[in-house]
Amino acid sequence: MEDDTLAQIKSIIDGLRSPIVDLQILLSLLCRPLDYVGLLPPQCRRFNLEPLQGSRVLDISKAFPPLQRVLIEHVLPTWSTALVDEGHLPLVDQYFCPDAFSFALSVAGDVVLCAYSTLLSSVLTEESIRLLAKLSIQYPIDRLHIAAFAGNDSSARKTVRWDDCLRNVFAVPLKAANAVGTRDLPQELELATYFNNFSGGTERLIFTLSRSPSQDRTTSVAQLLMKLVNVGVFPSSSFLSPSQPSFFRSTLATIRAKFRQDSGHDYSKFWTNTLISLSSTVAQQTVFASLCCSLTQLPSNMSVAVKDRGIVVQESLLLRSMFGALQPESDVWNGVLGVMLSRDWKESHARIFVSWAAGAKTGPVNSEALQALLSRTLEMWCATEHVKHSLLSRHHYVTSLLLLIVSYFPRQSEYVVSIALSPSFVTAVGQYISHLDNNIRRCGMLAAEVVATRAGKNLDFGDWDGDADGKSWARDLRALCSARDIDFDPYAGDELEPAAEEGTLTEEIITAGVLEDNLSALKLTKASLATGYDSDDSLTGYASPTSSRSASPTPSELDEMEKDPTLRVGVKKIPRPVYLAQLGDMVRSARVKPGEESQEADKIEMALNVAEELIRKKRDYGTELEENAANLVYGFSSLNDNFELDGFENKRQRAINALVACCPRVSSACIIEEFFSNQYSTEQRFVMLNALVLGARELASLPVHSANLQPLDNQRTAFPSKTLHPTLHQKYLTASGQANGTIQGLLEGVTRTAIDRGKEATADKVPEFVRERQLRIRKSPKVAEVSPAERQSRALLPGQNSQPHRTAFIDVAAEYFIMPFINRFWVFLRNEQTREERTAHRDALYRYHGAGTGLVLNPVVLSQFMGSLALLVHAAQNAPQWLSIIAPGALELAVTLGTRPISRAVSGDMDSTGLTGEARGKEASVLTGALELSLIVLDGCLELDGGRSLGLEQTALLLGAGEWAGKVFELLEKGTLVEGGGGVHEIRLRRAAAGVLLKVDELTSKWRMSMVDVR
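A quick note: this is a predicted structure, and the numbers were derived from the prediction, not measured.

Q: What am I meant to see in the overall build of the protein here?
A: Per the secondary structure count, the protein includes 45 helices and three strands. Counted over contacts in the protein with a minimum sequence separation of 6, partners at least 24 positions apart contribute 75%. In the form shown here, the protein has an accessible surface area of approximately 50000 Å², with 52% of it arising from carbon and sulfur atoms.

Q: In this structure, what is going on with the side chain of S268? I would like to understand it.
A: For S268, the position within the fold is in helix α12 (residues 266-276). When residues no more than four places from it in sequence are discounted, the contact partners of S268 are F259, D262 and S321.

Q: For this particular structure, what's the right way to read helix α23 (residues 471-481)?
A: Residue pairs three or four apart in sequence face the same way in an α-helix, which turns once every 3.6 residues. Along α23, nine of the eleven residues are buried, which leaves the element largely enclosed by surrounding structure. For α23, the complete set of buried residues consists of K471, W473, A474, R475, L477, R478, A479, L480 and C481.

Q: How do you make sense of the pattern of salt bridges when you look at a structure like this?
A: Oppositely charged side chains can pair when the atoms bearing their charge come close. Counted by the stated rule, this structure contains 35 salt bridges. A salt bridge links K603 to E600; its shortest N-O distance comes to 3.9 Å. Of this pair, K603 and E600 both sit in helix α28 (residues 597-617), three residues apart, which is roughly one turn of the helix. Of the charged contacts, one joins E932 and R988 as a salt bridge, the two residues approaching to 2.8 Å between their closest N and O atoms.

Q: Any chance you could explain the environment of L401 here in plain terms?
A: Tracing the backbone shows L401 in helix α19 (residues 392-407). Between the C-alpha atom of L401 and that of L373, which follows or precedes it by 28 residues, the distance is 9.5 Å. Not counting the four nearest positions on each side in its chain, L401 is found in contact with L341, A350, V354 and T377.

Q: What exactly am I supposed to notice about the environment of G54 here?
A: Its place among the elements puts G54 in the loop between α2 (23-37) and α3 (60-86). Residue G54 is classed as partly exposed on the basis of its relative accessible area, which comes to 34%. Taking C-alpha positions, G54 is 9.6 Å from Q8, a pair spaced 46 residues apart along the chain.

Q: I'm lost on unusual backbone geometry in this one. Help?
A: Glycine aside, negative phi is the norm for most residues, and most peptide bonds take the trans geometry. The phi dihedral of D463 falls on the positive side, at around 60°, and the residue is not glycine. Tracing the sequence through the fold places D463 in the loop between α22 (438-454) and α23.

Q: I keep staring at the state of the cysteines and nothing clicks. Help me out?
A: If you walk through the whole model with that rule in mind, you get zero disulfides. Counting only cysteine sulfurs, C293 is the nearest neighbor of C292, a cysteine outside any disulfide, at a range of 6.9 Å.

Q: Just to check I follow, could you spell out the packing of α3 against helix α5 (residues 106-121) for this structure?
A: Between α3 and α5, whose axes approach to 9 Å, the crossing angle comes to 50°. As far as their axial angle goes, α5 and α3 are oblique. The element α3 and its partner α5 pack so that their crossing is right-handed. Taking contact as the criterion, the partners of I60, S61, F64, P65, Q68, R69 and I72 in α3 are, on α5, V107, D110, V111, C114, A115, T118, L119 and S121. For the contact of α3 with α5, the residue count by class is nine nonpolar, four polar and two charged.

Q: How should I be thinking about helix α14 (residues 306-323) in this particular structure?
A: With 18 residues, α14 should reach 26 Å at 1.5 Å per residue; the first-to-last C-alpha distance of 26 Å fits that figure. Burial within α14 is extensive, with 15 of its 18 residues counted as buried. Where α14 ends, the next residue or the one after it, G324, has phi of about 80°, a positive value.

Q: It is not clear to me how the packing of aromatic side chains should be interpreted in this structure. Could you clarify?
A: Two descriptors summarise a pair of aromatic rings, namely the distance from one centre to the other and the angle between the planes of the rings. For the coordinates displayed, the defined rule picks out 33 aromatic pairs. Between W381 and F425, the ring centres sit 5.4 Å apart and the planes meet at 25°, which makes this aromatic pair stacked. Taken together, the residues W381 in helix α17 (residues 367-382) and F425 in helix α21 (residues 423-433) connect sequence positions 44 residues apart. The class of F425 is buried, set by a relative accessible area of 4%.

Q: How do you make sense of the packing of helix α7 (residues 141-148) against helix α8 (residues 155-180) when you look at a structure like this?
A: In a pair of packed helices, the angle between the axes and the distance between the axes together describe the arrangement. The interhelical angle for the contact between α7 and α8, taken along N-to-C directions, is 150°, at an axis separation of 9 Å. Taken together, α7 and α8 sit at an angle that is classed as roughly antiparallel. In this structure, α7 meets α8 at a crossing whose hand is right-handed. Side by side, α7 and α8 meet where I141, L144, H145, A147 and A148 of the first sit next to K158, R161, W162, C165, L166 and V169 of the second. Looking at the contact of α7 with α8 residue by residue, the classes come out as eight nonpolar, one polar and two charged.

Q: Explain the confidence of the model for the protein here, please?
A: Where the model shows low pLDDT, its predicted coordinates should not be examined in detail. Of all residues in the protein, 80% attain a pLDDT of 70 or more, and the chain-wide mean is 82. Across the protein, the secondary-structure element scoring lowest on mean pLDDT is strand β1 (residues 506-509), at 32, and the one scoring highest is helix α31 (residues 664-675), at 95. Note on residues 494-544: pLDDT under 50 across the span, and 72 contacts to partners over four residues away in sequence or across chains. Residue range residues 791-803 is modelled with pLDDT below 50. Its contacts to residues more than four positions away, or to other chains, number four contacts.

Q: Just checking my understanding: could you explain the side chain of K258 for this structure?
A: Looking at the secondary structure, you find K258 in helix α11 (residues 247-261). For K258, a relative accessible area of 18% translates into the label buried. Look past the residues within four positions of K258 in its chain and what remains in contact with it is E203, F207 and Y267.

Q: What is the right way to read the environment of V387 from this model?
A: Note on placement: V387 falls in helix α18 (residues 384-389). Take V387: its relative accessible area is 1%, and that puts it in the buried class. In the structure, V387 is positioned 57 residues away from G444 in sequence and 9.3 Å away in space, judged by C-alpha atoms. If we skip the residues at most four places from it in the chain, V387 touches W381, H395, Q431, Y432, H435 and I440.

Q: Please explain the nonpolar core as it appears in this structure.
A: As a rule of thumb, nonpolar side chains are buried together in soluble globular proteins. Counting residues in hydrophobic clusters, the biggest one holds 164 residues, and the most contacted among them are L16, W271, F288, F323, M340 and W381. The element contributing the most residues to this core is α3, with eleven residues. If you look at the next biggest cluster of nonpolar residues, it comprises 115 residues, including I671, A691, V812 and L829.

Q: What's the story with a nonpolar patch on the surface in this structure? I'm lost.
A: Together, I433, L459 and F461 make up an exposed nonpolar region whose accessible area comes to about 210 Å². Positionally, I433 belongs in helix α21. The class for I433 is partly exposed, based on a relative accessible area of 33%.

Calculation rules
- Residues numbered from 1 in each chain as written.
- Predicted model: local features only at pLDDT ≥ 70, side-chain atom pairs only at ≥ 80, totals over all residues.
- Heavy atoms only, no water.
- Helix = DSSP H or I, 4+ residues; strand = E, 2+ residues; numbered from the N terminus.
- Contact = heavy atoms within 4.5 Å.
- Areas by Shrake-Rupley, 256 points an atom, 1.4 Å probe, with all protein chains shown as cover.
- Buried < 20%, exposed > 50% of the residue type's maximum accessible area, 1.4 Å probe, protein only.
- Salt bridge = Lys/Arg side-chain N within 4 Å of Asp/Glu carboxyl O.
- Disulfide = S-S within 2.5 Å.
- Axes fitted to C-alpha atoms, helices over the stretch in contact; angles between N-to-C directions.
- Parallel < 35°, antiparallel > 145°, perpendicular 65-115°, else oblique.
- Left-handed = near helix turned anticlockwise from the far one by under 90°.
- Nonpolar A, V, L, I, M, F, W, Y, C, P; charged D, E, K, R; others polar.
- Expected span 1.5 Å × (residues − 1).
- Phe/Tyr/Trp six-rings, centres within 6.5 Å; stacked < 30°, edge-to-face > 60°.
- pLDDT = per-residue confidence, 0-100.
- Core = buried A, V, L, I, M, F, W, Y, C linked by side-chain atoms within 4.5 Å.
- Patch = residues over 30% accessible without salt bridge, like charges linked within 9 Å, V, L, I, M, F, W, Y side chains within 5 Å.

This is the structure in structure tokens:
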């Protein structure tokens, strides 16, 4: 009987394929198969004049695909307009997308599965795309799953049907987009809309199947999630464009609500089993990373508010509900841990991860998981590659993760004590402290203090006041670690805060190095007290009666008492020096006699207070300054803060700056000679370099950009008000300048300007910009030439005093600053390498190392040296010797230091990671300094003569610089790690290499035809 029915359907197909002359005939043919399978709408039964005869059982997969194909290829192209006009187009749609009245019928699901296969295997027309859009809305994936697994067929056949269904539905957006071309695509088939709706159907499918779970159902959903992962529906980014589909952005709110209502945990268990069943660990990591990016963002990553701590617990409960408890032996442990430790998350994510590992408030604290997580985190934190090459954001995340885990252990826990005493941790702390980036150095110092405190030890590095160099971040993390997020109510909101103020316990957390005004009071809820957790690092405050003792004197009152002559009987007063020789005797006095230490401190304090003013006053008074300049340079350069005087570093720096600015010929020569002596510390060498740079900029009339180091005259007249209190005067004056104002701050501004200047040269090559410049109206010059008669009359004005001639930096730059500095370095480098060669045959303990700590060839000092030289070269750009002497000498020095080994200690280090065989072990700071010096030289040459002298007279040097910068940039783009390249050096090195490469390309493209190959 079924064969007879199929024969009747075949005759209907033949009739539809043949020309049809009347609409009634077409409707009659369309109604007969639909009525036979029970999908004919009631209002269309009047058109079924000849019903099909036979059995009611019909294999839809055999009978309907030919009908669907003939409708797409023959009927709709001819009759679509007539069917729309008469209102009979839904009758055709019943063959592909049965209406809502037939939605629950099993035959409707079979028809839809056949419709997807038929539509996607044919040429997509406008009608086909319309039907696909209708199917995506009316028959979501959860309904298709029911259709694929319905019936009494074998499990293998159901699996094949589900595979075909997934292949078809995932191909719809791409095939539809290719078919429409430049025409408009229905909104339902746009990538984001389609897969967002698809994600909603997937969540509904999981919820439905969780009521009666089975292994086949879990496997089918895991297969669906794998497909979603492959098409990118689980993005690992918190900031998504509207055109990017996201599973959790569409479904996370619904998932949260169902988890809270899931009293039997069936929904949670099905999610966990499905994610564990994913066939790929990479897929598990992708889903987990996307979920972490979709978690609630806290207003502040390290907020200690009750509401924010509750949100952290909520998110950890969400992770536990989806992936289960975090156990070292669980199936998702390695995949989840790979995502936690291999990506740069925020501190808020670290809080959520630790709370999840601790059990997420579902029972006792999971110590086993915390120990395993702490072990892996400590391994990452102590890794040499991480310490040297990770960026600041990653250091913050890993350090916060480490300290948060430690805070979950009881005080003096055996596990924490073992970590504090472990060699790997102690070695890593030393590596952090030796890092060049102050912010990263703070991470190691903070971790050492917190771990030592939790282990029952005392450790305080000090200097935690202020907001610079990550100090505020460290204070926030200390406050966060003083209490555990897991002890707070996950659903505690703003309504709990008033109750907490009335009757809850208030703890004042006092940590080492934090000022009293930064103490924070943390409010603990009743739920936290019920856990029995007691932080041993906190002190409970209590009310005390008012003391009857008189108040202690204020600092200002103590100063007045100290100055009271009636209280200073027998104390010898230090006279104020009036000659520079007296000033020199104060700072270069012989050994201190016993019992006169306080008098020696007063002498040095007096010398520092009057040094700059006295030096600047003697600037134009005969030869006194020239005769005493060398003595003063030696005295102030070797001065140490043995008595912890207020403002010692600033006053000493200002005095040496004044010496360089007022007597450049003598002072610069002395400083350059003393800089290469081995008797000075790194700090004293930095003072010398700062003096050369800031003094040169003052001579060149360039800004210093530092309120603390402004010349004395400028500082006294920089603020117009004379009525403010001195403290407020200094406060507002300092706020107007840069915070650092040192060599690195000035150098960054100069290199940025040099890189930005290349935009103008590039703009000349763009026709639109050139035309815009030509159309601008030229303004008349604002500077007019003064006639000789007017110049003579102005010279004879009464009351005009002739000013003494002041030395300009361009007059002394080459002879007294730059070239002596470069030549003395070459001599010093030759001597150091000779010493190393003489001791190379000895044992390692007795060899001489020229790049040791505190020496000139150490990367810290060497990078500062090249930065100072770059600023000196920049300030002397208008000197007559710049193009012929200064630029080639500075560029040769930069290329040599950036490519050649400078010490056997560096070139023989087998553990270091370098760029090339010759530059193996080259520090990122040294490479950055050399590239920035090259960038400033090339930029100056392009500004002065378009690079002609350098390109034609120093061709080999120019090409060598370009080849070197290109190799560095190429290796950095490939991901090569450079020694000491973490933190700010990572960005500066890449930027400097790209800048040199562009400058060399600009210069060679201009003079390539005139260059002579001398290689």
